[in-house]
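Chain residues, written in single-letter form:
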Amino acid sequence: MTHSNGICSCGQVHFKTQGRPLFRAICHCTICQRFNDAEYGDILLFRAADVDQAGCGEISYETLRQPPLLARGKCTTCCNPALEKLNMPLFPKLMLVPSARIVEQADLPDPEFHIFYNHRVRDAQDDLPKSSGYLPSQTRFATHLLRGLMHGRG
Ligand SMILES: [Zn+2]
Ligand SMILES: [Zn+2]
């Protein structure tokens, strides 16, 4: 996965990603369920600098939880989840990309872990690590983020 293209169902939102994502993960939290109108969120994490939004149409961002670390954006036309901006202190600016937006589905890496698993709609049929609750989920996320930043492309 050296680069890929993202597009919403109406085509207004489109972007390109560079390099491998820092990770792919499944989040079962209720906000992801609502935001994605799905049983869970399936996201790729990128450095914001690796997401090229040149010519992209309008995205409407909403912050659904305090503190406002994560702004969740939807296409203003088709309302597909588009991009989520994550600004964590001491980290580079990050971007969550819904895996479903990626055109090159066959190139996607496998998910690495589940978080907020206690909110799952149904059990996952895999052997991936699963974290439940706020602190364990945040810790899992941060651990994989650090690993991705250290071992990702330079
Ligand atoms: Zn979530
Ligand atoms: Zn759209």
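Quick note: structure is the one above.
Calculation notes
- Residues numbered from 1 in each chain as written.
- Chains lettered and ligands numbered in written order.
- Predicted model: local features only at pLDDT ≥ 70, side-chain atom pairs only at ≥ 80, totals over all residues.
- Heavy atoms only, no water.
- Donors = N, O, S within 2.8 Å, 3.2 Å for Na, K, Ca; no water.
- Tetrahedral: all angles 85-135°; square planar, octahedral: opposite > 155°, others 65-115°.
- Buried < 20%, exposed > 50% of the residue type's maximum accessible area, 1.4 Å probe, protein only.
- Helix = DSSP H or I, 4+ residues; strand = E, 2+ residues; numbered from the N terminus.
- Pairing = 2+ DSSP bridges.
- Disulfide = S-S within 2.5 Å.
- Axes fitted to C-alpha atoms, helices over the stretch in contact; angles between N-to-C directions.
- Contact = heavy atoms within 4.5 Å.

(A) Layout of the coordination of the zinc ion (ligand 2). Protein coordination at the zinc ion (ligand 2) comes from Cys8 (SG), Cys10 (SG), Cys75 (SG) and Cys78 (SG), with a distance range of 2.3 to 2.4 Å. Metal-centred angles of 103 to 116 degrees between the four donor atoms at the zinc ion (ligand 2) mark the site as tetrahedral. Between consecutive donor residues of the zinc ion (ligand 2), the sequence gaps follow C-x1-C-x64-C-x2-C. The class of Cys8 is buried, set by a relative accessible area of 4%. Among the residues examined, Cys10 registers a relative accessible area of 39% and is labelled partly exposed.

(B) Inspection of unusual backbone geometry at higher detail. Located in the positive-phi region is Cys79, a residue other than glycine, with phi close to 65 degrees. Relative to the helices and strands, Cys79 resides in the loop between strand S7 (70–75) and strand S8 (81–86). Exposure remark for Cys79: the relative accessible area of 47% places this residue in the partly exposed category. Unlike most non-glycine residues, Leu90 shows phi in positive territory, near 75 degrees.

(C) Structural detail: the coordination of the zinc ion (ligand 1). Around the zinc ion (ligand 1), the donor atoms from the protein are Cys27 (SG), Cys29 (SG) and Cys32 (SG), and they sit 2.1 to 2.3 Å away. Mapped onto the sequence, the donors of the zinc ion (ligand 1) take the spacing C-x1-C-x2-C. A single burial state applies to Cys29 and to Cys32, both of which are buried.

(D) View of the pairing of S7. For S7, the buried fraction is high: five of the six residues fall into the buried class. Where strand S6 (residues 59–62) lies against S7, four bridges are found, and the strand directions are antiparallel. Along S7, the bridge assignment pairs Ile59 with Cys75. Looking at chain direction, S7 and S8 are connected through four bridges and run antiparallel. Bridged to Arg72 within S8 is Glu84. Taken together, S7 and the strand that follows it, S8, pair antiparallel across an intervening segment of five residues, in which Cys79 is found at a positive phi of about 65 degrees.

(E) Summary view of the state of the cysteines. For the structure on display, the rule yields zero disulfides. Note on Cys56: no disulfide assigned, nearest cysteine sulfur contributed by Cys8 at a separation of 7.7 Å.

(F) Up close: the sheet that holds strand S10 (residues 113–115). Taken in spatial order, the seven strands line up as S6-S7-S8-S9-S4-S3-S10 in an open sheet, and their pairing is mixed. Looking along the sheet, the strands with just one partner apiece sit at the ends: S6 and S10. Sheet twist, expressed as the average angle between the axes of neighbouring strands with direction ignored, equals 30 degrees. Across the sheet, helix H2 (residues 134–151) touches strand S3 (23–27), strand S4 (41–47), S8, strand S9 (94–98) and S10, and the angle it forms with S10 is around 145 degrees.

Everything listed here is a matter of geometry and, on its own, says nothing about what the molecule does.
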